[in-house]
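Analysis of the macromolecular model
Below are the chains, spelled out letter by letter.
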Amino acid sequence: AREFIANRYAEMRCKSDERTLPVTARTLETVIRLASAHAKARLSHVVEAEADCEVAMDILSFALYHDNNSTISPAEGDEEETPEPVEVSDEGEPGDSDSDEPASKKQRLDAPDEEQQLQDLKRRVWDQITRGSGEAAIDELLVGEDRDQLAEALEALEEEGRIMSQEGMVYTMD
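Here goes a summary of the coordinates provided. Note that the structure is predicted; figures quoted are calculated from it, not measured. (Residues numbered from 1 in each chain as written. Predicted model: local features only at pLDDT ≥ 70, side-chain atom pairs only at ≥ 80, totals over all residues. Heavy atoms only, no water.)

1. Notes on the environment of Val-23
- Tracing the chain through its elements places Val-23 in the loop between α1 (2-14) and α2 (25-41).
- Measuring from C-alpha to C-alpha, the distance between Val-23 and Tyr-9 comes to 8.3 Å, with 14 residues separating the pair along the chain.
- Once residues within four sequence positions are removed from consideration, Val-23 is found in contact with Tyr-9, Met-12, Arg-13, Ser-16 and Tyr-65. (Helix = DSSP H or I, 4+ residues; strand = E, 2+ residues; numbered from the N terminus. Contact = heavy atoms within 4.5 Å.)

Right, dumping it as structure tokens:
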């Protein structure tokens with residue numbers, strides 16, 4: 001995601017002579033914030049180049065230049081292979097001291113609260129079940145995840161009426 005943003009920012013800087021609005025460091029910060037916000041809207045703790053950064057660049061292009069270059073349809077990302085996620089943080093690189101914001105104002109992506117973890121786990125469980133024709137064996141769900149947290153996510157999905165579990169199997173109710 002970092003390389004994607006850096007490359008697209010460099011392209012925007014090169015083309016800034018053609019446009020009426022200058023591309024500044026604030027523009028770069030805006031792209032990072034938009035990509036982070038899009039990742040959070042997807043209930044993800046990581047910003048992905050394809051899913052989040054492209055959308056952020058499309059939003060920025062529309063806001064600055066009224067260009068509608070949207071290349072991603074809402075259902076398109078579900079069918080393609082997921083790119084390798086990259087952990088991001090608002091803290092910058094070690095040794096960077098050009099941030100004017102106090103540490104208390106920065107968002108911490110590396111320490112999500114329990115509710116966010118549960119929401120993310122529920123989303124991943126739901127994705128895995130729906131990819132498997134609406135049913136899955138509980139023992140095969142998210143192998144390697146903490147089983148207590150998985151049980152909590154399954155219980156929450158069941159309370160929401162989205163799944164039903166019976167005899168070691170989970171079925172979708174939608």
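2. Let's talk about the pairing of strand β2 (residues 163-166)
- The sheet contact formed by β2 and strand β3 (residues 169-172) spans 4 bridges and is antiparallel. Within β3, the position partnered with Gln-166 by the bridge is Met-169.
- Adjacent in sequence and paired antiparallel, β2 and β3 are bridged by 2 residues, among which Glu-167 carries a positive phi angle near 50°. (Pairing = 2+ DSSP bridges.)

3. Comments concerning the sheet that holds strand β1 (residues 135-137)
- Taking strand neighbours across the sheet as the criterion, the 3 strands line up as β1-β3-β2 in an open arrangement whose pairing is antiparallel. Every other strand in the sheet has two partners, leaving β1 and β2 as the edge strands with one partner each. Each strand axis lies, on average, 20° off the axis of its neighbour in the sheet, ignoring direction.
- Against the sheet, helix α5 (residues 114-131) engages β1, β2 and β3, with an angle of about 85° to β3.
- Contacting β2 and β3, helix α6 (residues 147-159) crosses the sheet at an angle of about 120° to β2. (Axes fitted to C-alpha atoms, helices over the stretch in contact; angles between N-to-C directions.)

4. Notes on a negative patch on the surface
- On the surface, a cluster of negative charge is contributed by Asp-113, Glu-114, Glu-115, Asp-146, Asp-148, Glu-152, Glu-155, Glu-158 and Glu-159.
- By secondary structure assignment, the location of Glu-114 is in helix α5. (Patch = residues over 30% accessible without salt bridge, like charges linked within 9 Å, V, L, I, M, F, W, Y side chains within 5 Å. Areas by Shrake-Rupley, 256 points an atom, 1.4 Å probe, with all protein chains shown as cover. Salt bridge = Lys/Arg side-chain N within 4 Å of Asp/Glu carboxyl O. Lys, Arg positive; Asp, Glu negative; His and termini not counted. Charge placed at Lys NZ, Arg CZ, Asp CG, Glu CD.)

5. Focus on the packing of aromatic side chains
- Under the defined criterion, the tally for this structure stands at 0 aromatic pairs.
- The lysine or arginine in question, Arg-162, covers the ring of Trp-126, its NZ or CZ lying 4.3 Å from the ring centre. (Phe/Tyr/Trp six-rings, centres within 6.5 Å; stacked < 30°, edge-to-face > 60°. Lys NZ or Arg CZ within 6 Å of the ring centre and 35° of its normal.)

6. Quick look at helix α3 (residues 49-65)
- If you check which residues of α3 are buried, you get Asp-52, Cys-53, Val-55, Ala-56, Met-57, Asp-58, Leu-60, Ser-61 and Tyr-65.
- In this structure, the buried side of α3 is in contact with α1 and α2.
- Backbone geometry just downstream of α3 places His-66 in the positive-phi region, at approximately 60°. (Buried < 20%, exposed > 50% of the residue type's maximum accessible area, 1.4 Å probe, protein only.)

7. Details of unusual backbone geometry
- Look at Leu-43: it is not a glycine, yet its phi comes out positive at around 65°.
- With relative accessibility at 38%, the residue Leu-43 sits in the partly exposed group.
- Even without being a glycine, Glu-167 presents a positive backbone phi close to 50°.
- By the secondary structure assignment, Glu-167 is in the loop between β2 and β3.
- Glu-167 sits in the exposed class, given a relative accessible area of 75%.

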